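Now for the letters of each chain:
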Amino acid sequence: MKKNNDLFPEVDSSGDSSDFSIEVLYEDSFDDRPLDDDNSWDDEHGHKHRHRHRHEKHKRRHSLKRWKKVMLGLVAIIVVGIAGLTGGFFYLRAQGEKNLKTEVPDAADAAEAPEGLFVTYNGKKYQYDENVINFLCMGIDKDLPIEEKRATGSEGLSDANILISINVETGKIKLLAIPRDTIVPVKVVDSAGYFVKNENQQLTLQYAYGQSATASCELMVDTVSNLLFQLPIQRYCSVNFEAIPILNDAIGGVDVQALEEIKIGSKTYQQGEMIHLQGDQTLEYVRHRDTNVFGSSMGRLERQKQYISNYFATAKEVVKGNMTLPVTIYQNLQGKMCTNITVEDIAYLVPKLLDVNLTGEDMTVVPGEIIQPGDHEEYHVNADQLKEIVINNFYKEIP
């Protein structure tokens, strides 16, 4: 049988072949074996063996095999790691889609469906568009941590209320601003959190009745949903005013054009003047209101709409260069935010928002008028106009 010369050293044919033994040298033993200058060595029987060149060839070949194995191992680790990250990302996205979308049954089962999924308007039947995902975003008027109660014992007031709606099929986004002074049936609860009665009050007060930030948000979601004819609202997010500078500075600041004369810090900006908002400037711009001027809350609402539009446009470009930024911001807002938005939701939505443009036409205010019957302003909704907006933005006609 022909021997494999890579494993068995060649025997000098001039030596005595009566008795000899062959030692198979494994890779680790090569470096420990001494080599003579004449490239040969004698075994215990005096037989001379030539082996140096074969030894080096053998060593090089095994070393090459070792490096191949190492490199293949590294490549395998990298591939598995990338696959794991990629698979994890797609898993998060799939979960986000599953959790966010509201399942709408067939029209034949409309009678048994939850309220708000099917509506009738002007003699026509409509069903909720399951591709639309609604987020109720609230700005709370306190500088304390979001879960901490104010000195009055309440969770605070909701001074900014905006419903952000994303159509994940068309890629369109719409904002519906709801004035803080909108008169709605507010759910009044006692100190133990039990429902007492509905009472027509300003929407901003609904948040104050919660026993915790989460309870306050849930009360707001129910009240706004009722205002919008039982519209499904999938997620909520409330932030205190300390969160605004964090959100703003995370994307490098936001440029706005002053909608009116406004004082920020020690400087007064004239209408039409450009302002690069950073830090606490942002808070002053979206929060300032002259309570001595009738309807000043609506002027503030217009500034808030403008800021959100400009923030979205700026953030979209920044996130294209850093897809992890939304998660980083999410983490930095802990303690200043109460939300049921999850990381899975973010993973699903962020890629869909990168090509979306938000313009003034996509931002609407709940239609109505301001009156002041007493000490406080009240915003009374035009229900017919509001229903038309709701139908057009959130529903599709059943053929």
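Residues numbered from 1 in each chain as written. Predicted model: local features only at pLDDT ≥ 70, side-chain atom pairs only at ≥ 80, totals over all residues. Heavy atoms only, no water.

### Section: the overall build of the protein chain
Check the secondary structure of the protein chain and you find 8 helices and 19 strands. Pairs at least 24 apart in sequence give 60% of the contacts found in the protein chain among residues at least 6 apart. Accessible area of the protein chain: about 22300 Å², with a carbon and sulfur share of 52%. (Helix = DSSP H or I, 4+ residues; strand = E, 2+ residues; numbered from the N terminus. Contact = heavy atoms within 4.5 Å. Areas by Shrake-Rupley, 256 points an atom, 1.4 Å probe, with all protein chains shown as cover.)

### What to know about the sheet that holds strand β3 (residues 118-121)
Here 3 strands make up an open sheet; going across it, the order is β3-β4-β19 and the pairing antiparallel. On the outer flanks of this sheet lie β3 and β19 (395-397), each paired with one strand and no other. Strand-to-strand, the axes of this sheet are offset by a mean angle of 35°, without reference to chain direction. When β3 meets strand β4 (residues 124-128), the two strands line up antiparallel, connected through 4 bridges. Paired with Phe118 across the strands is Gln127, a residue of β4. Running at roughly 130° to β3, helix α8 (residues 383-394) makes contact with β3, β4 and β19 of the sheet. (Pairing = 2+ DSSP bridges. Axes fitted to C-alpha atoms, helices over the stretch in contact; angles between N-to-C directions.)

### A few points about α8
In this model, α8 (12 residues) spans 16 Å end to end at C-alpha, consistent with the 16 Å of a helix rising 1.5 Å per residue. Regarding α8, the residues found buried are Leu386, Ile389, Val390, Ile391 and Phe394. Its side-chain oxygen 3.3 Å from the backbone nitrogen of Asp384, Asn382 forms the N-cap of α8. (Expected span 1.5 Å × (residues − 1). Buried < 20%, exposed > 50% of the residue type's maximum accessible area, 1.4 Å probe, protein only. Polar contact = N/O pair within 3.5 Å; in protein donor to acceptor, adjacent residues only side chain to side chain.)

### Digging into the pattern of salt bridges
One pass over the full model with this rule turns up 12 salt bridges. For Asp141, the salt bridge identified is with Arg150, shortest N-O distance 3.0 Å. A relative accessible area of 16% means that Asp141 is categorised as buried. Here Lys187 makes a salt bridge to Asp222, at a shortest N to O gap of 3.5 Å. Highlighted residues: Lys187 in strand β8 (residues 183-189) and Asp222 in helix α2 (residues 213-227), separated in sequence by 35 residues. Exposure remark for Asp222: the relative accessible area of 35% places this residue in the partly exposed category. Residues participating in the shared-partner salt-bridge network are Lys142, Lys149 and Glu155. (Salt bridge = Lys/Arg side-chain N within 4 Å of Asp/Glu carboxyl O.)

### Description of the sheet that holds strand β15 (residues 337-339)
With respect to topology, 6 strands assemble into an open sheet ordered β15-β10-β5-β6-β7-β16, the strand pairing being mixed. The open sheet terminates on both sides in strands that have one partner only, identified here as β15 and β16 (363-365). With strand direction ignored, the average angle separating the axes of adjacent strands in the sheet is 20°. Across 6 bridges, the pairing between strand β5 (residues 132-140) and strand β10 (residues 235-240) is parallel.

### Regarding the side chain of Gln206
Examined against the element boundaries, Gln206 turns out to sit in the loop between β9 (195-202) and α2. Leave out the neighbours within four places in its chain, and Gln206 touches Pro185, Val186, Lys187, Leu219, Met220 and Thr223.

### Description of the packing of aromatic side chains
The final tally for this structure, using the stated rule, is 2 aromatic pairs. Geometrically, the ring pair formed by Tyr128 and Tyr395 is edge-to-face, given 5.8 Å between the ring centres and 80° between the ring planes. Of the two residues, Tyr128 is situated in strand β4 and Tyr395 in strand β19; the sequence distance between them amounts to 267 residues. For the pair Tyr128 and Tyr395, a shared accessibility class is recorded, and that class is buried. Above the ring of Tyr285, the side-chain terminus of Arg303 is found at 5.9 Å from the ring centroid. Its guanidinium or amino end placed over the ring of Phe229, Lys387 lies 5.3 Å from that ring's centre, counting from NZ or CZ. (Phe/Tyr/Trp six-rings, centres within 6.5 Å; stacked < 30°, edge-to-face > 60°. Lys NZ or Arg CZ within 6 Å of the ring centre and 35° of its normal.)

### Looking at the environment of Glu260
Its location among the elements puts Glu260 in the loop between β11 (254-257) and β12 (262-264). According to the relative accessible area criterion, Glu260 is partly exposed, its value standing at 31%. Residues Glu260 and Gly272 lie 12 residues apart in sequence; the distance between their C-alpha atoms is 7.3 Å. What Glu260 contacts, discounting residues up to four positions off in sequence, is Tyr269, Gln270, Gln271, Gly299 and Arg303. At a separation of 2.8 Å, a polar atom in the side chain of Glu260 contacts the side chain of Arg303.

In short, the description is geometric, and any link to function would need to be established separately.
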